[in-house]
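# Commentary on secondary and tertiary structure
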Amino acid sequence: MAETHSLQDLQQPTASSKVFVQRDYGSGTISKFHTKFPSELEPRIDKQQFEETIQTLNNLYAEAEKLGGKSYLEGCLACITAYTIFLCMETHYEKVLKKIARYIKDQNEKIYAPRGLLLTDPIERGLRVVEITIFEERSIGSGR
Amino acid sequence: MMKNCEYQQIDPRALSVLPQSAQNNTEKTVQRSRRKWEVFPGKNRFFCDGRIILASQSGVLPLTLGLIIVTCGLFFAFDCPFLVKHLTVFIPVIGGALFVFVVFSLLRTSFTDPGILPRATPDEAADIEKQIDTSGSSTYRPPPRTKEILINQQVVKLKYCFTCKMFRPPRTSHCSLCDNCVERFDHHCPWVGNCVGKRNYRFFYSFIISLSFLTSFIFGCVITHITLRSQEGKSLVQSIQESPASVVELVICFFSIWSILGLSGFHTYLIASNLTTNEDIKGSWSSKRCAEESGNPYSYNSIITNCCATLCGPMPPSLIDRRGFLSLDEAIPAVSASEIELPPFTVKSDAHMCTQSTKDVLERMVHSYDVHGLCPPATPKTTPLDLEVSGPAAASSEPSLSAGCLPQDARQPVVPPCPPFSRSNKRRDSLHSINPAFRLASPSPSLSRTTFILGDAPDNGFIPLP
């Protein structure tokens, strides 16, 4: 029993549950997430705020994956140099991913953390889901 | 420290192997941060501290490389001197450039992550399971493991991957040889010793196109060489005797050209129609094809756009983050998964559990406080003492679950009741064991084998599946 007491002492001060926003494949294989507001977040955050965050993320991913003159140029240049150029240059996609990471950090600091929520960057989940952790006070049966 | 407490809960008498070594390893983990590639669940091999990724079997990659190097070596050594003297110095220059391009493309194809999707975290997997079970499926049939979505007005079925515990995105397939889900899976190519997927398809295409040029170039040069020699008043046989290496090159190139040119042509067609080998073999869109418009929802309906999108599109990043460091939470399950051996009865009750592996369960315990409720069913596994106590009840899953749960309930206040989970567990178990259709529904294992064959005999175009 001694172990479990010390285990409890070492537990995190807040319990947490997770909500997952899945990918929206309606437009094909591009990275896009559903903007539908999960019911678990209702008491915590404004629906519009949440949808705006997801929509901005979708727009950023669309920018990263956009097919256009710039991306074709990058692709052709890479092909000509036998793809060695990627050893020295950062791809457009990677630049946008950094932008996304900054945006998520910013959103967490300004909007989500004060409400006891935490957005996880989708790239850490293989671009499958946007994981939102809901932190709650530790109590029996809470968190559902 | 929390981790040490967790491991102390495991009864050393019940475990045949290594709580001590697990502890030692956690201590080691604390001392040295591990990179994610070290705990990668797929069958890949990693070199240069995670910079280079290869499939578990290199297949015939050494043979491919060997053939290319030997043929080019013979060409430069035996044919080029003659041709430079009689024709132009540009012959070895062009040959050299092509050779470098071929080798670079080949190595890039082999050593690049093809677009592996990392497996779902336990929380995600639990969330998906929850959604499947509450999707309104009635009790007389198991919950569906496919999901239908609309992509550009086409109905596409997403299948659930039991290994990776997620619904596979469109165009993703699970390669059984590498044991990974790969995005935009084309095929597993034994010649390059890797899967060909979203991230390395352009390298693969560069490889086969440049190899076509190289083999054709060498073939042409060797024919020219022998012809020029025999024109100098010697017979053909004499010319061949003077340059036997040329015959070797001729034979290699002759047989390669058919297959490589055929493969290049086939892949050019696939790129122009924005298809993968996988989809082409399965005939995913051909039945829906109208006269003018392809039934393929991913096609841009323009050959040029399709080509540009596939070959020159933005380079997607690797999703598996091989060189990232493991957080301490993630480090433990990797250790426990590989080293802790549970006695048979706990393994059996595992089958009745929430389809979570030991690793997932322990990870959940360490993360803890996941109120989806997978902790309670899991705890009997890590505290076999409880199961031993519940003894005869261990044979049937549900009573043991409830019995195992209750004592834990007292210790871990954040614990929802077990029974709803046991019911869904049973359904899942039936899904696994009784209904093999769901396993067969996953096309990739057989397909990757079929495409394996395709890789060997590409000159036939493709072998239609019966």
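The rules behind each value
Residues numbered from 1 in each chain as written. Chains lettered and ligands numbered in written order. Predicted model: local features only at pLDDT ≥ 70, side-chain atom pairs only at ≥ 80, totals over all residues. Heavy atoms only, no water. Helix = DSSP H or I, 4+ residues; strand = E, 2+ residues; numbered from the N terminus. Buried < 20%, exposed > 50% of the residue type's maximum accessible area, 1.4 Å probe, protein only. Contact = heavy atoms within 4.5 Å. Areas by Shrake-Rupley, 256 points an atom, 1.4 Å probe, with all protein chains shown as cover. Pairing = 2+ DSSP bridges. Core = buried A, V, L, I, M, F, W, Y, C linked by side-chain atoms within 4.5 Å. pLDDT = per-residue confidence, 0-100. Disulfide = S-S within 2.5 Å. Axes fitted to C-alpha atoms, helices over the stretch in contact; angles between N-to-C directions. Parallel < 35°, antiparallel > 145°, perpendicular 65-115°, else oblique. Left-handed = near helix turned anticlockwise from the far one by under 90°. Nonpolar A, V, L, I, M, F, W, Y, C, P; charged D, E, K, R; others polar. Salt bridge = Lys/Arg side-chain N within 4 Å of Asp/Glu carboxyl O. UniProt positions renumbered as here; feature names shortened; annotations may be inferred. Patch = residues over 30% accessible without salt bridge, like charges linked within 9 Å, V, L, I, M, F, W, Y side chains within 5 Å.

On a plain count of helices and strands, chain A comes out with four helices and three strands. Across chain A, helices and strands are ordered from the amino to the carboxyl terminus as α-β-α-α-α-β-β. Every one of the 144 residues in chain A was classed for burial, and the buried ones make up 49%. Pairs at least 24 residues apart make up 58% of the contacts formed inside chain A by residues separated by at least 6 positions. Total accessible area on chain A is roughly 7,400 Å²; 55% of this is exposed by carbon and sulfur atoms.

This next bit is on the environment of Asp186 of chain B. All names here are of chain B. Here Asp186 shows up in the loop between β8 (180–182) and β9 (187–189). Owing to a relative accessible area of 0%, Asp186 belongs among the buried residues under this scheme. Put simply, Asp186 and Gly197 are eleven residues apart on the chain and 5.4 Å apart in space, counted from C-alpha to C-alpha.

On to the sheet that holds strand β6 (residues 166–167) of chain B, then. All names here are of chain B. An order of β4-β5-β6 is seen for the three strands of this open sheet, with the pairing classed as antiparallel. Looking at the sheet topology across the chains shown, the edges are occupied by β4 (146–151) and β6. Pairing geometry for strand β5 (residues 154–161) and β6, over two bridges, is antiparallel. When the bridges of β6 are listed, Cys161 appears paired with Met166.

Further remarks concern the nonpolar core. Residues Ile68, Phe75, Phe204, Phe207, Leu211, Leu214 and Ile218 of chain B are the most contacted members of the largest nonpolar core, which totals 41 residues. Among the secondary structure elements, those contributing two or more residues to this core are α3 (61–86), α4 (90–111), β5, α6 (201–231) and α8 (244–272) of chain B. Of the residues forming this core, the biggest block, twelve residues, is contributed by α6 of chain B. Those residues in contact with Phe75 of chain B that sit more than four places away from it in its chain are Cys80, Leu83, Ile91, Phe217, Ile218, Cys221, Val222 and Glu249 of chain B. Among the nonpolar cores identified, the runner-up in size contains 38 residues, and Ile45, Tyr93 and Tyr112 of chain A together with Ile128 of chain B belong to it.

Turning our attention to the confidence of the model for chain B. Residues and elements named next belong to chain B. Of the residues in chain B, 59% have a pLDDT of 70 or more, and the chain-wide mean is 70. Here residues 14–23 is a poorly scored stretch, pLDDT under 50, and it has 21 contacts once near neighbours within four places are set aside; other chains count. Every residue in residues 333–359 is under pLDDT 50, and counting partners more than four places away or in other chains gives 67 contacts. Scoring of the predicted complex yields 0.69 for pTM and 0.82 for ipTM.

Further remarks concern the state of the cysteines. Covalently bonding the sulfur atom of one cysteine to the sulfur atom of another cysteine gives a disulfide. Residues and elements named next belong to chain B. Taken as a whole and judged by the stated rule, the model has zero disulfides over all chains. Free of any disulfide, Cys175 has its nearest neighbouring cysteine sulfur in Cys195, separated by 3.4 Å. For Cys189, which is in no disulfide, the shortest distance to another cysteine sulfur is to Cys195 and amounts to 9.9 Å. Under the relative-accessibility criterion, Cys189 is labelled buried at 5%.

Running from amino to carboxyl end, helix α3 (residues 69–80) of chain A crosses helix α10 (residues 303–312) of chain B at an angle of 60°, the nearest separation of the two axes being 9 Å. For the element pair α3 of chain A / α10 of chain B, the angle class is oblique. Judged by the twist between their axes, the crossing of α3 of chain A over α10 of chain B is left-handed. The residues of α10 of chain B that touch α3 of chain A, namely those facing Ser71, Tyr72, Gly75 and Cys76 of chain A, are Thr305, Cys308, Ala309 and Cys312 of chain B. Its residues assigned to classes, the contact of α3 of chain A with α10 of chain B shows five nonpolar, three polar and no charged.

Moving on: the sheet that holds strand β7 (residues 173–175) of chain B. Residue and element names in this part refer to chain B. Here three strands make up an open sheet; going across it, the order is β3-β8-β7 and the pairing antiparallel. Here the strands that pair on one side only, and so sit at the sheet edges, are β3 (116–117) and β7. Examined bridge by bridge, β7 and β8 share three bridges and lie antiparallel to one another. Considered in β8, the bridge of Ser173 is made with Val182.

So, on to the pattern of salt bridges. Scanning all chains against the criterion turns up 13 salt bridges over all chains. A salt bridge links Lys18 of chain A to Asp123 of chain B; its shortest N-O distance comes to 2.9 Å. Here Lys18 of chain A, found in strand β1 (residues 14–22), pairs with Asp123 of chain B, found in helix α5 (residues 122–133), and the two come from separate chains. Overall, the relative accessible area of 10% leaves Asp123 of chain B in the buried class.

Before going further, it helps to spend a moment on the UniProt feature "transmembrane region" (unreviewed entry) in chain B. UniProt records the feature "transmembrane region" (unreviewed entry) at residues 52–77, 89–107, 203–228 and 248–272 of chain B, using the numbering of this structure. Taken end to end, residues 203–228 of chain B is 100% helix and 0% strand, and its two terminal C-alpha atoms sit 36 Å from one another.

All names here are of chain B. On the surface, Val84, Val89, Phe90, Val93 and Ile94 cluster together into a nonpolar patch covering about 430 Å² of accessible area. Sorting elements by how many residues they give to the nonpolar patch places α4 first, with three residues. Of note, Ile94 is situated in helix α4.

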